[in-house]
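For reference, the chains in residue letters:
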Amino acid sequence: MFPQAETHARPTTRAVRHELFTALELPGQPPRYATEFDHLLKDTLATHPRTLVLDEAQWLSGDLLECIRYLWDDPFTQLAVVFVGGEGCHATLRKEPMLSSRIFIWQRFTRLTPDEVLDVIPLYHPLWADADPGNIAFADQHAAHGNFRNWARLTAHTQTALDRTGHARVDQDVLRWAFSRLGTGS
């Protein structure tokens, strides 16, 4: 299992340091001062490769982004950082030139095309592996719209529908039941 840290919306630098302390399972009490804390984190991040994924990066403060850059930029840390975000993420990261100049790849993800959905979704989850391609296309057209977050929600509701209805495979009745739980008016 990989250590995970979760913070609330718009986390402070202090909160993220504490979440990293916990996720890295560091012994003792967290340091009181930022400098001591950063030295401890850098020493720990130098022991072996780690990946830090920062979701909803558009909500991160400049101070927090600078702290992450400081940890990442150290020549001894073995840290890869992945910034993930929605609308405004690119602009937020670009506002920090010391950070943005170090980003190796800027990758924009777009919705899957209908053909990509038919190729990818059967591989995404066993529920869709033997589903009729027509039903996958129906689900995408009415609920998922090529978006993986929508596919994740739809998959969970479709599994519940299969469990509750006793159907062995995904069909349009099962999908309509799942759509009714999405709250999107699908």
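Look up a bit, the structure's there.
Report on the accompanying structure. (Residues numbered from 1 in each chain as written. Predicted model: local features only at pLDDT ≥ 70, side-chain atom pairs only at ≥ 80, totals over all residues. Heavy atoms only, no water.)

Some words on unusual backbone geometry
Right, so step 1: A positive phi angle is found at glutamate 25, which is not glycine, with a value near 55 degrees.
Right, so step 2: If you trace the backbone, glutamate 25 turns up in the loop between helix H1 (13–23) and helix H2 (34–45).
Right, so step 3: Judged by its relative accessible area of 71%, glutamate 25 falls in the exposed class.
Right, so step 4: Positive phi, close to 55 degrees, is recorded for glutamate 56, a residue that is not glycine.
Right, so step 5: Mapped onto the fold, glutamate 56 is located in the loop between strand S1 (50–54) and helix H3 (62–73).
Right, so step 6: Given a relative accessible area of 29%, glutamate 56 falls into the partly exposed group. (Helix = DSSP H or I, 4+ residues; strand = E, 2+ residues; numbered from the N terminus. Buried < 20%, exposed > 50% of the residue type's maximum accessible area, 1.4 Å probe, protein only.)

Thoughts on the side chain of arginine 17
Right, so step 1: In this fold, arginine 17 is placed in helix H1.
Right, so step 2: A residue is classified by how much of its surface remains accessible, and arginine 17, at 13% relative accessible area, is buried.
Right, so step 3: Other than its neighbours up to four places away in sequence, arginine 17 contacts Ala34, Phe37, Asp38, Leu41 and Cys67. (Contact = heavy atoms within 4.5 Å.)

Here's the deal with the side chain of aspartate 74
Right, so step 1: Mapping aspartate 74 onto the fold places it in the loop between H3 and strand S2 (79–83).
Right, so step 2: Residue aspartate 74 is classed as buried on the basis of its relative accessible area of 17%.
Right, so step 3: One polar contact links aspartate 74 to lysine 42, side chain to side chain, over a distance of 3.2 Å.
Right, so step 4: Of note is the side chain of aspartate 74, whose polar atom sits 2.8 Å from the backbone nitrogen of phenylalanine 76. (Polar contact = N/O pair within 3.5 Å; in protein donor to acceptor, adjacent residues only side chain to side chain.)

Here we look at the environment of cysteine 67
Right, so step 1: Its place among the elements puts cysteine 67 in helix H3.
Right, so step 2: The buried category is assigned to cysteine 67, whose relative accessible area is 9%.
Right, so step 3: Along the backbone, cysteine 67 and alanine 34 are 33 residues apart, and their C-alpha atoms lie at a distance of 9.8 Å.
Right, so step 4: Excluding residues within four positions of it along the chain, cysteine 67 makes contact with Thr13, Arg17 and Asp38.

Notes on the environment of proline 27
Right, so step 1: Inspection of the secondary structure puts proline 27 in the loop between H1 and H2.
Right, so step 2: What makes proline 27 exposed here is its relative accessible area of 71%.
Right, so step 3: Considering only alpha carbons, one finds proline 27 and alanine 80, 53 residues apart in sequence, at a separation of 23 Å.

A word on the pattern of salt bridges
Once their charged atoms are close, side chains differing in charge can pair, the charge on each being opposite to the other.
Right, so step 1: As enumerated under the stated definition, the model contains 6 salt bridges in all.
Right, so step 2: One salt bridge connects lysine 42 with aspartate 74, and the closest N-O pair in it is separated by 3.2 Å. Placement of lysine 42 in helix H2 and of aspartate 74 in the loop between H3 and S2 is noted, with a sequence separation of 32 residues between them. The burial state of lysine 42 is the same as that of aspartate 74; both residues are buried.
Right, so step 3: Here arginine 149 ties to glutamate 56 by a salt bridge, and the two come within 3.9 Å at their closest N and O atoms. Pair noted here: arginine 149 is in helix H9 (residues 148–165) and glutamate 56 is in the loop between S1 and H3, with a separation of 93 residues, a long-range link. (Salt bridge = Lys/Arg side-chain N within 4 Å of Asp/Glu carboxyl O.)

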